[in-house]
Each structure stands twice: as C-alpha cells, then as structure tokens.
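# Topology and contacts: notes
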Amino acid sequence: MINKELEKRNIPDFFGNGEFAVSSADEWLEKKNGLKELFLREEYGFLPKKLTPSIKTETQGINFAGKAKWESIYFTFENEGKEHTVKTELILPANKKNIPVFLCVNFVPEIPNKYCPTEEIIDNGFGVFHFCYTDVSSDDTDFTNGLSGLFERSEENTDDFSKISIWSYMASACMDYLCTREEVDKNNVAIIGHSRLGKTALLTSALDERFILTCANESGCCGAAISRGKTKENESIKEITSVFPHWFCKNYFKYIDNIDATPFDQHMLLSMIAPRYLMVGGAIEDVWADNEGQLLACHMASYSWKLFGKHGLVAPEKEALCVNDAFLDGEVGFYLREGSHFFSRYDWNVYMKKFKEIIKRDI
Ligand code: GCU
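Overview of the structure.

Procedures and definitions
The residue numbers shown here count from 1 along each chain, following its written sequence. Whole-chain, interface and lining totals are the exception, using all residues; otherwise, since this is a predicted model, local features are given only for residues with pLDDT of at least 70 and side-chain atom pairs are given and counted only at 80 or more. Computation of side-chain values covers all heavy atoms of the structure but excludes hydrogens and water. Salt bridges are counted wherever a side-chain nitrogen of Lys or Arg sits within 4 Å of a carboxyl oxygen of Asp or Glu. Residue burial is assigned from relative accessible area. The probe radius is 1.4 Å, only protein chains are included, and a residue is buried under 20% of its type maximum, exposed over 50%, and partly exposed in between. What is meant by a nonpolar core is a set of buried Ala, Val, Leu, Ile, Met, Phe, Trp, Tyr and Cys residues, joined one to another through side-chain atoms within 4.5 Å. Helix and strand definitions follow DSSP, with helices as H or I runs of at least four residues and strands as E runs of at least two, each counted in order from the N terminus. Two residues qualify as a contact provided that any one of their heavy atoms is within 4.5 Å of a heavy atom in the partner residue. The axes are straight lines fitted to the C-alpha atoms, using for helices just the contacting stretch, and the angles between their N-to-C directions are given from 0 to 180°. Here the word oblique covers every angle except those under 35 degrees (roughly parallel), over 145 (roughly antiparallel) and from 65 to 115 (roughly perpendicular). Polar here means any residue other than Ala, Val, Leu, Ile, Met, Phe, Trp, Tyr, Cys and Pro, which are nonpolar, and Asp, Glu, Lys and Arg, which are charged; Gly is therefore polar. Working rule for helices: expected span equals 1.5 Å times residues minus one. Pairs of N or O atoms within 3.5 Å make up the polar contacts considered here, provided that, within protein, one atom can donate a hydrogen while the other can accept it, and that residues adjacent in sequence are counted only when both atoms are side-chain atoms. A single heavy atom is enough: if one lies within 4 Å of a molecule or strand, its residue is considered near that molecule or strand. Only the protein chains shown count as cover for residues, and all accessible areas are computed by the Shrake-Rupley method using a 1.4 Å probe. For two strands to count as paired, DSSP must find a minimum of two bridges between them. By definition, the crossover connecting two strands over a helix is right-handed if that path, from the first strand to the second, turns clockwise as seen with the strands pointing away from the viewer.

## Digging into the pattern of salt bridges
All told, the structure shown has 31 salt bridges when counted by the stated rule. Note that Arg41 is salt-bridged to Glu42, the shortest N-O span being 3.1 Å. We note a salt bridge from Lys87 to Glu89, for which the minimum N-O separation is 3.4 Å. Residue classification places Lys87 among the partly exposed residues on the basis of a relative accessible area of 34%. The exposure class of Glu89 is buried, given its relative accessible area of 6%.

## A short note on the nonpolar core
Proteins that are soluble and globular tend to have nonpolar side chains buried together. If you look at the biggest cluster of nonpolar residues, it comprises 90 residues, and the most contacted ones within it are Phe75, Phe77, Phe129, Leu147, Met170 and Phe334. Looking at this core element by element, the count peaks at 11 residues for helix H5 (residues 163-178). Discounting residues that sit within four places of it in the chain, Phe334 has contacts with Val280, Asn291, Gln294, Leu295, Cys298, Leu313, Leu321, Asp325, Ala326, Phe327 and Leu328. By size, the runner-up hydrophobic cluster in this structure holds 29 residues, among which are Ala68, Leu213, Tyr335 and Ile359.

## What about the packing of helix H1 (residues 2-9) against helix H9 (residues 291-307)?
Packing of H1 against H9 leaves a shortest axis separation of 10 Å and a crossing angle of 95°. By the angle class used here, H1 and H9 are roughly perpendicular. Every residue of H9 that contacts H1 at Ile2, Glu5, Leu6 and Arg9 is listed here: Glu292, Gly293, Leu295, Leu296, His299 and Met300. Considered class by class, the residues forming the contact of H1 with H9 number 5 nonpolar, 2 polar and 3 charged.

## Regarding H5
The end-to-end C-alpha distance of H5, which contains 16 residues, comes to 23 Å, matching closely the 22 Å that a straight helix rising 1.5 Å per residue would cover. In terms of residue burial, H5 counts as a mostly covered element, since 15 of its 16 residues are buried. For H5, the capping residue at the N-terminal end is Ser162, with a side-chain oxygen 3.3 Å from the backbone nitrogen of Ile164.

## Concerning the site of the ligand
Surrounding the ligand, one finds Ser195, Arg196, Lys199, Glu235, Ile240, Phe244, Trp247, Trp288 and His341. Between the ligand and Lys199 there is a distance of 2.9 Å, counted from an oxygen atom to a side-chain nitrogen or oxygen. Contacts to the ligand include Trp288, whose side-chain N or O atom sits 2.9 Å from an oxygen atom. For the ligand, whose accessible area on its own is 320 Å², the fraction buried by protein is 82%. Within the shell around the ligand, the residues separate by chemical class into 4 nonpolar, 2 polar and 3 charged.

## Structural notes on unusual backbone geometry
The residue after Ile111, namely Pro112, is reached through a cis peptide bond having omega -10°. Looking at the element boundaries, Pro112 is found in the loop between strand E4 (99-106) and helix H3 (118-123). Cis geometry is adopted by the peptide bond preceding Pro275, which originates at Ala274 and carries an omega value of 0°. For Ala65, which is not glycine, the phi dihedral falls at a positive 60°. Within the secondary structure, Ala65 sits in the loop between strand E1 (54-63) and strand E2 (68-79). Look at Ala65 and you get exposed, because its relative accessible area is 72%.

## What about the pairing of strand E6 (residues 184-194)?
Within E6, 9 of the 11 residues are buried, leaving the element largely enclosed by the surrounding structure. In terms of strand pairing, E4 meets E6 through 6 bridges, oriented parallel. By the bridge assignment for E6, Cys104 is matched with Ile192. The parallel pair E6 and strand E7 (residues 213-217) is bridged by helix H6 (residues 196-207), and the resulting crossover is right-handed.

Here you go:
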C-alpha cells in the first residue's frame, strides 16, 4: 500500500536531491533550521518576536475527587502599549513529583470537556495543561484581536504569521511555563491536538524541540497528510486555503493550482520531530483528512529517524490500509480507528499508552 501510494503521488525525493539532501544526522541537524524557515516562509508564516508574559496563578484547590491540584494560570503578554491575557488550566495529580504532562491545545476553554477527559488523564498518572485556541486569537481572518493584535502584521508581507503560527506561539509559551514548575517532569512533556489543533501541535513540535511526544489526531491536510496526489474526497490545498485562508501565510497561496511547485511536502514537517516520538491518529470515516496520505507521510518522514539510528515508522507492506490497523512499535506511530472525525477516548488511550512506554517508569 505504501509503495502504491508512493508511485501514485509522485513526490520528489527532497531528502535525496536538492537543498535538503541529507545523508547523516550531522548534516540533518545543520540543515534543519533552513527547513524550519522554509515551512514558516512558504506555508504557516513566521512567528512574531518572543515576549515574556507575566504570570498570575489562581488556585482552584484540590479537585477531581481529591486526586488532583487544579490551577488557572493567566498569561499576560504586553507589546507596544497593548496587552492580552490568555487563561490556561493546569491540573496535576496531587502530591506527586516528576509528573509527565500533556499540553492540550483545545477547542473549548472549560475542562473537562468532550475532547479532554481530564479525570482519566489524571488517573493514568499524567498532568494536563490546557488552553483554548480562540482565547489566543479568533479562528478567522481578523488579526487585530487577542495575541495577534499585539503585533504588526501587514497584508503586504507574504510570510507574516498566520493563526496556526500564533496558536503555536502560545503552545511554546506554555512549555516555557511548565519548565518553571518543579512538580513537572520537563523531559516528558507531550503536545496533543485534534484536527486544526493537530496541525498546530505538529508545527509547534517541529519548531520547539522540548516536546518528547507529539500527538496529531486526524490533523489531515496541511498537518500530517501528504499534499500531493490526493483523491477528490480528500481535502485539497485549494479547499483548505479558500475556507481557512487565515491558517496560512500569503506565500502558500501561490501553490494552490500548482502543488507540484511546492518545494516540500508535509512529511518534511514531521521529519523535524526526529528523533523524538510522533503519533498520528486517523479514523476510517475521516476520508477528508486523507488517511493514506498520513500513513505515507509517517513512512517518508522516517528517513530522518533512520539518520539517528532509529526506526521511525514500523509498518508492514500491505495491500490496503484497513480499519484497526495500528503500527505503534516505532518512534513514529500510526493507527486507524473505527468511526468518524472526533477526538475520542479511544485516541487518548492510544496516546497515553505510548507515553507510558516512552517514560519507562511507573507513574
Ligand atoms: C475542517 C478543515 C480541516 C480541519 C478540521 C478541524 O474540516 O477542513 O482541515 O482539520 O476542520 O479542525 O476540525
């Protein structure tokens, strides 16, 4: 199946030829900054300058049947006389140290919620740090509100930040904060997001190497799926940029009708996560997200894991991708569950299981 997809999609051998040709881990590390820049310049837009937010903590006490300590953490960012505050929620198992944490970029502010089963996460020994993406900046073409509104952004500049890059900016600020908390195991922080927020998680982890595990749930087009060679049922670059133009910088629009001219494909975004861990989740009915394209990207991205002497994706060559396929043994994992587009308990359980394997100790 992987070989068939490779033939069908006709993706240039970017790691074998041209600017990003690499044959050793050292070469890879040398070229990686250039690759980051390429994705920012051509697809998501450069993140604004880093600000140091002021932090205010409000304790919500011991909660979740006495099992967890809950705090609301307010991040206030200031720039050129303007300020914006983002409320986040930190829930840590009570009376524990060295806690591995999921940073969850989510669609709604309240916790628990249908996408974030807080109590189950705590019961599994993890903490969760949570924020709602629209509290950072609205999910539309208005760049004057929230964190976006603090920075100059010009329609003339073809590589100015997009909404995906500003959400990602917030995720890295959250990581900065987690590193200041003594109860947190800084070496074991995962970033997790669904769909557009899976795209955000991937970009964040490609840029910010402090995340040990990245979970991109059904991130699809412009996330974990290869952009070339999609079927009519899969979301195309043309479709995504017409409905969600604010997710991308202007430069990306030049490829809409000529995807073959893109000097990269999405597997190269994934490849920047090496040698850390990556999980890509799909659902059989979520054809829009292009499951074959996501599996193929995991396979092709594995080139960079191999440079580090790792495996990347470990998957057998099969006739077709089937429901309940799960290739979870390597540093890059892919699975295809039953059902439709959703961030389900099933998905969380797969990600938590993998995280426990990575940590290699009882939590
Ligand atoms: C739309 C969009 C997808 C996106 C999804 C989501 O379906 O086309 O690209 O992943 O929304 O974020 O739920």
